[in-house]
Structures are given as structure tokens and as C-alpha cells.
Amino acid sequence: MHIHLKDYRQLLATYLRPQLSRVILLTLLLFGDIALQLINPQLIRLFIDTITSSGPQGVLLPIALLFIVVAVVQQGVKLWATYISECVGWIATNALRIDLTLHLLRLDLSFHKVHTPGELIERVDGDISALSIFFSQFVIQIVGNLLLLFGIILVLFFQDWRAALALGISALLLLIGVNVLRNISIPHWKIFRQSSAELYGFLEERISGTEDIRSSGAQAYMLRRLYRYTRERLRTARKARIISTIPWNVPNFMFALMTLTAFLLIAQFYRNGTMTLGMAFLIYFYTQLLWQPINAISHQIEDFQKASAGIVRIRELLSIESNLKDGPGATFPPGALPLVCENISFGYGEAEMVIKNLSFQLAPGEVLGLLGRTGSGKTTITRLIARLYDPEAGVIRLGGVDLRSASFADLRKAIGMVTQDVQLFHATVRDNLTFFDHTIEDSCIVSALGDLGLNDWYTALPNGLDTILPPNGGGLSAGEAQLLAFARIFLCDPALVILDEASSRLDPATEGLLEQAIDKLLQGRTAIIIAHRLRTLQRADTILLLDDGEICEYGPRAQLANSSDSRFSQLLLTAHEEVLV
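Residues numbered from 1 in each chain as written. Predicted model: local features only at pLDDT ≥ 70, side-chain atom pairs only at ≥ 80, totals over all residues. Heavy atoms only, no water.

(A) Molecular detail of the pattern of salt bridges. Per the counting criterion, the structure on display carries 14 salt bridges. Residue Lys 356 is joined to Asp 548 by a salt bridge in which the shortest nitrogen-to-oxygen separation is 3.1 Å. With Lys 356 in strand β2 (residues 355-362) and Asp 548 in the loop between β9 (542-547) and β10 (550-556), the pair connects residues that are 192 residues apart, well separated along the chain. Classification of Lys 356 by relative accessible area gives partly exposed; the value is 23%. Given a relative accessible area of 42%, Asp 548 falls into the partly exposed group. For Asp 547, the salt bridge is made with Arg 373, and the minimal N-O distance between the two is 2.8 Å. Note that Asp 547 is positioned in strand β9 and Arg 373 in the loop between β3 (367-372) and α13 (378-385), a separation of 174 residues in sequence. Classification of Asp 547 as partly exposed rests on a relative accessible area of 24%. (Salt bridge = Lys/Arg side-chain N within 4 Å of Asp/Glu carboxyl O. Helix = DSSP H or I, 4+ residues; strand = E, 2+ residues; numbered from the N terminus. Buried < 20%, exposed > 50% of the residue type's maximum accessible area, 1.4 Å probe, protein only.)

(B) Representation of unusual backbone geometry. Residue Asn 357 is not a glycine yet carries a positive backbone phi of 45 degrees. Inspection of the secondary structure assignment puts Asn 357 in strand β2. Accessibility expressed as a relative area gives 52% for Asn 357, which makes it exposed.

(C) Seen up close, the pairing of strand β8 (residues 526-530). For β8, a buried count of five out of five residues is recorded, marking the element as mostly surrounded by other parts of the structure. The two faces of β8 match: Thr 526, Ile 528 and Ile 530 on one face and Ala 527 and Ile 529 on the other face are all buried. Two strands pair when backbone bridges link them, and β3 and β8 are joined in this way by four bridges, in the parallel orientation. When the sheet's bridge partners are listed, Leu 370 is paired in β8 with Ile 530. (Pairing = 2+ DSSP bridges.)

(D) Summary view of helix α8 (residues 186-208). Taking 1.5 Å per residue, 23 residues should reach 33 Å; α8 reaches 33 Å between its end C-alpha atoms and fits that length. Among the residues making up α8, those that are buried are Ile 186, His 188, Trp 189, Phe 192, Arg 193, Ser 195, Ser 196, Ala 197, Leu 199, Gly 201, Phe 202 and Arg 206. (Expected span 1.5 Å × (residues − 1).)

(E) View of the side chain of Thr 236. Mapping Thr 236 onto the fold places it in helix α10 (residues 219-244). According to the relative accessible area criterion, Thr 236 is buried, its value standing at 4%. Among the polar contacts listed, one links the side chain of Thr 236 to the side chain of Ser 195, at a separation of 3.0 Å. The residues touching Thr 236, leaving out its near neighbours within four places in the chain, are His 188, Ile 191, Phe 192 and Ser 195. (Polar contact = N/O pair within 3.5 Å; in protein donor to acceptor, adjacent residues only side chain to side chain. Contact = heavy atoms within 4.5 Å.)

(F) Expanded view of the environment of Gln 523. Secondary-structure assignment places Gln 523 in the loop between α19 (508-522) and β8. Since its relative accessible area comes to 57%, Gln 523 is described here as exposed. Spatially, the C-alpha atoms of Gln 523 and Glu 366 are 9.8 Å apart, while their sequence positions differ by 157 residues.

(G) Structural detail: the environment of Gln 361. If you trace the backbone, Gln 361 turns up in strand β2. When its relative accessible area of 51% is taken as the criterion, Gln 361 is described as exposed. Between the alpha carbons of Gln 361 and Pro 18 there is a distance of 51 Å; along the sequence they are 343 residues apart. Not counting chain neighbours up to four residues away, the residues in contact with Gln 361 comprise Leu 339, Val 340, Glu 366 and Tyr 554.

(H) Main features of the sheet that holds strand β1 (residues 339-346). The four strands are arranged β2-β1-β4-β5 in an open sheet whose pairing can be described as antiparallel. With one partner strand each, in any of the chains shown, β2 and β5 (401-402) form the two edges of the open sheet. With five bridges connecting them, β1 and strand β4 (residues 393-398) associate as antiparallel partners. Residue Glu 342 lies in a different strand from β4, and its bridge partner there is Val 395. Those strands touched by α13 are β1, β2 and β4, and its axis lies near 65 degrees from that of β2. (Axes fitted to C-alpha atoms, helices over the stretch in contact; angles between N-to-C directions.)

(I) Here's a closer look at empty space enclosed by the protein. Going through the model one piece at a time under the given rule, you end up with two cavities of 30 Å³ or more. Space inside the second largest cavity adds up to approximately 40 Å³. Taken together, Leu 384, Arg 387, Tyr 389, Asp 390, Pro 391, Ile 396, Asp 402, Leu 403 and Arg 404 make up the full set of residues lining the second largest cavity. Looking at the lining of the second largest cavity residue by residue, the classes come out as five nonpolar, no polar and four charged. (1 Å grid on protein atoms, 1.4 Å probe; cavity = no way out; pocket = protein on both sides within 12 Å on 5 of 7 lines; lining within 4 Å. Points joined across faces, edges and corners; volume = space filled by probe spheres on them. Nonpolar A, V, L, I, M, F, W, Y, C, P; charged D, E, K, R; others polar.)

(J) Seen up close, the packing of helix α2 (residues 20-51) against helix α3 (residues 60-106). For the pair α2 and α3, the least separation of the axes is 8 Å and the interaxial angle reads 160 degrees. Relative to α3, the element α2 lies roughly antiparallel. Between α2 and α3 the crossing geometry is left-handed. Here the contact of α2 with α3 is composed, by residue class, of 26 nonpolar, five polar and three charged. (Parallel < 35°, antiparallel > 145°, perpendicular 65-115°, else oblique. Left-handed = near helix turned anticlockwise from the far one by under 90°.)

(K) Geometry of the confidence of the model for the protein chain. Residues with a pLDDT of 70 or more make up 91% of the protein chain, whose mean pLDDT is 81. Note that pLDDT drops below 50 for residues 577-581; the model gives that stretch zero contacts with residues more than four away or on any other chain. (pLDDT = per-residue confidence, 0-100.)

(L) Up close: the pairing of strand β7 (residues 496-500). The buried count for β7 comes to five of five residues, which makes it a mostly enclosed element. Taking every second residue as pointing to the same face, both faces of β7 are buried, with Leu 496, Ile 498 and Asp 500 on one and Val 497 and Leu 499 on the other. Where strand β6 (residues 415-419) meets β7, five bridges bridge the pair, whose relative direction is parallel. Bridged to Thr 419 within β7 is Asp 500. Relative to β8, β7 is paired through five bridges, and the arrangement is parallel.

Here is the structure:
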């Protein structure tokens with residue numbers, strides 16, 4: 001992806017406009033620093049010419065004191081500019097992190113299936129961190145150093161036009177060389193950033209699977225893979241670093257020629273008596289000072305190359321569009337809602353469909369028991385109903401409304417889902433239960449915990465609802481985490497409830513405690529229950545049995561249970577026989 005100048009300009013305008021006052025102050029400070037850098041050499045020249053002349057020497061002390069004052073003020077201005085620069089850079093990059101994170105959260109699950117969390121963390125943090133200098137200093141520093149460069153040449157021109165002409169031509173050649181070589185390492189820095197993302201993705205996956213790795217004795221295999229990723233990262237970093245030094249070494253060589261030119265001019269003019277010692281020092285000092293903006297521009301070009309690689313990768317992410325489009329906002333009617341799935345088909349980007357021309361419907365308040373072997377498509381159906389994916393064919397209607405016509409916000413309020421995998425955050429109990437919705441009253445939260453039999457657990461918390469849960473729910477049993485997931489559903493009060501193996505991780509005692517809570521949860525709501533424990537389906541009104549993405553049995557639970565020819569009754573008989581054994 002090629003980046004045009006307007007893209008850089010648009011990026012800067014978007015994230016620097018909100019802090020325009022800081023940017024203006026930073027610009028004034030940097031320009032003030034440039035002016036002070038041009039003043040001090042003149043004081044040195046005046047000091048040298050005065051001390052080597054036969055005139056009065058009384059002005060030496062004021063000159064020296066003025067030099068010290070200017071130097072101190074310059075350092076103060078530089079320090080203040082550095083502070084403002086850091087503020088501008090952090091605020092801009094944090095805003096970009098927020099926008100990119102929000103964009104990633106809005107992408108559908110098909111994107112997240114092929115990108116690991118570790119890779120995305122590196123792209124959100126690592127790539128954007130490379131833009132800090134670009135946001136805070138790049139344009140100002142480039143402009144400032146160019147002004148310093150021209151200021152030195154201009155001041156020198158009024159002192160000695162011959163020296164100014166020679167150094168000006170040399171500086172122009174240097175800038176042309178830097179500009180020609182400025183894009184040489186961008187592709188290599190982009191490859192390095194990708195290798196870093198792959199390394200962090202690998203680390204995230206392996207660290208999250210530490211228990212399985214240790215229990216299976218796979219540490220050596222993991223370390224060997226880690227070695228391969230780190231070696232590749234080293235190789236790409238080394239190549240990018242070496243190539244990026246070319247725009248820096250070429251100016252170094254040319255500056256050596258510039259310094260040689262300055263020495264030859266000084267020697268010639270001083271020997272001819274057409275130049276004072278102070279003037280000779282001034283030309284030498286300005287020659288060295290001339291290297292400062294050129295060297296700074298060279299380093300800024302290198303930082304710009306890294307930033308450009310990051311911008312390319314960030315724009316690649318931002319250009320990815322979700323396969324799911326937010327609906328125009330059709331509203332759902334109140335109360336329990338009917339559900340209709342009509343001729344839906346779906347596959348995870350594969351040639352073979354996971355769900356094949358499937359149709360069924362639920363009346364308001366009806367409870368559907370969904371059964372089938374592993375891989376039959378049970379969870380896929382719930383994902384389609386929750387609109388985590390869109391079917392490739394067919395339509396799903398809730399309360400007579402096509403899911404694609406409703407907004408995501410309304411849909412998430414209308415449908416509540418509990419799965420066997422519960423995600424708990426390193427946050428307070430209140431935030432974990434309300435998903436950071438502070439409009440929910442504490443009394444409602446406590447009431448929901450009581451309905452689930454968690455009163456003893458709640459009273460044992462050291463800070464009540466303000467207690468911070470450990471990362472990943474550490475310290476909680478699987479059953480407690482599952483019950484907290486049920487509490488979330490109680491609080492959001494959805495019209496349709498989906499329980500996907502929600503009690504699979506509960507022991508019999510805890511599952512029994514949950515039974516009454518489930519009955520209360522399902523009152524006045526339409527529900528879909530996926531369960532391998534058939535006794536969990538006793539409250540189901542209808543049974544739908546899936547096989548290879550197709551309906552192989554569908555009907556009222558009582559009727560199917562009493563029919564000796566039904567597969568559901570055979571499953572009940574088999575489960576009963578296993579219990580007897």
C-alpha cells in the first residue's frame with residue numbers, strides 16, 4: 001500500500017487538531033530554540049575578536065555573562081519543548097490506539113479467527129508507538145531544522161558570502177541525497193513489524209496454554225518454535241537497520257567533505273589577512289552547527305521510515321471492513337419474541353456448508369432443546385442467531401424483524417448468550433457483571449446474585465461489588481465463573497436467551513442450585529438450550545436434532561420422548577442405561 005502526502009497530512013490533522021494550542025506552543029518553543037542557537041556563536045565571535053584586539057577589554061565580562069544567560073535560556077526552552085512534545089505524541093498515539101482498537105472490535109469473527117490476540121496487540125501498540133515522534137515533532141522538527149539550516153547560511157552570508165556560498169551548495173547536495181534515499185528502508189521496516197507481530201502472537205498463544213504445554217512435556221518444542229520466531233525477527237531487524245543507515249552514512253561522508261572545504265577556506269582567507277581569528281572561528285562553528293540540522297533531518301527521515309511502515313500496516317487494518325454491516329435500526333417489540341430461521345445456509349469460508357438449508361421457528365416464550373453430535377452445527381446456529389456471522393443464504397427473523405435490519409446495540413440487548421467459556425475481566429465485580437454499564441443499580445446486581453445462590457460468595461467479598469477480580473477470573477472456580485455469566489443475563493433482561501452448554505462445567509450440586517435460577521430466567525422469554533446432559537432439556541418444549549448441518553428430527557419434546565421410533569427417545573434410553581451402569 002503506497003502512502004501519498006495527503007494521507008500523512010490527513011493523519012496529522014485528525015490527531016493534532018484537538019490539541020492545536022499545544023502544537024502552536026511547541027512550534028514557538030522550537031523556533032525560539034533555533035534563534036538562540038544562532039545568537040550564541042555571534043557572542044563567541046565577538047568575545048574572540050575583542051580579546052585578540054588592542055582595544056578596551058571591559059566588555060569581555062558582560063559578553064561572557066550574556067553567553068551564559070543565552071545558553072541557560074536555550075536549555076530551558078529545549079526542556080519545555082521536550083515536555084510539550086511528549087504530551088502531544090502520547091495524546092495523539094493514544095487517540096489512534098483507541099480508534100484502531102474500536103475498529104478491530106467491530107470486525108466480525110472471521111477476521112479474528114485468522115489473527116491472534118498477540119499479533120493484534122503488537123499492531124495496536126507496537127506499530128502506533130513508532131508514530132509518536134511523527135505526531136509530536138516530525139513536521140515541526142523538519143521545518144525547524146530547515147529554517148535553522150537556512151538561518152545559518154543567511155547569517156553567514158552577511159559575514160562572508162564566499163563561505164556561505166560554498167557551505168550552501170554543500171548543504172543543498174546533502175539534502176538532495178537524503179531525499180533520494182528517504183524511502184529505501186520502508187519495505188524492510190514493514191517486514192520487521194510483521195515478524196514482531198508474529199512473535200507476539202506466538203507468545204500470547206503459548207503463554208495462555210502453559211498448563212497444557214507443561215502437562216504434555218512440550219516445552220522443548222515450544223522453545224524451538226520460539227527460537228525460530230526470534231531468529232526471524234533478528235534477521236529482519238538487522239536487515240532493516242543496515243539498510244536504514246544508508247541515508248545516514250551518505251550525509252556523514254558528504255559532511256566530512258563540507259568540513260574540509262571550510263578548513264581550506266579559513267586557511268586561505270586567514271593567511272591572506274582578509275579574515276579575523278574570531279571570524280575564522282565563526283565559520284568553523286557554523287559549519288559544525290550546520291551539521292546539526294542535517295544530522296537531525298537524517299535521523300528524522302529514519303524515524304519517518306519506521307513511522308511510514310507503521311502507517312502502512314495501520315491503514316491496512318483500517319481498510320479491512322467487517323462482513324457484518326450495522327442495520328438501519330429496526331426496533332424489536334417488547335416481551336418474549338418469536339424466532340424464525342428460514343432456509344439458512346452457512347460455512348466458515350469453506351466449500352462445504354456447515355449449515356445446509358435449515359428452517360425452524362419458535363413461538364414467543366417457547367424453549368428449544370438443540371441436540372447433535374460435535375461438529376453438527378449447534379454452536380454455529382447460535383452464532384448466526386446472535387449475528388456474530390450472517391448466513392450466506394436465508395433469513396433469520398426475531399419478533400418479525402430481519403436481524404440485518406436491527407442495529408447491533410438493539411440486537412445485543414434483545415439476545416443474551418451464556419457459553420461454557422466465560423470471559424472475566426481484571427476489574428470490579430460490578431463491572432464484570434454489568435459490562436461497565438454504570439446505569440444498573442447495585443440493588444439489582446445483589447438481587448441477581450441472590451437468585452443464583454451466590455449470597456455467601458458475595459458476602460465473603462472484602463470490598464463487596466468494588467472487589468477487583470484477578471486476571472482471567474483467577475481464584476474463582478469454573479462453577480462460580482459460570483454463575484456470574486448467568487448473573488449477566490439476569491441484568492441485561494433479554495427477550496431471547498441462548499444457553500450453549502452453559503452448565504457443562506458445573507458439578508451436580510452447583511447445577512442443581514442453578515436449576516431454579518434457569519427456570520426464573522426463562523419465564524416470559526424465548527430460549528434455545530444446547531446441552532449434552534439430556535436432563536437439562538427437561539424444560540424444553542421442542543427438540544431439534546442436528547446431523548451434519550441438517551435437521552434429522554424436529555418436534556415437541558414430549559411427543560418425541562414417547563415415540564419409540566424417534567432418535568431422541570433412543571438417546572434418552574441410552575443415557576438411562578449408562579446411568580444404570
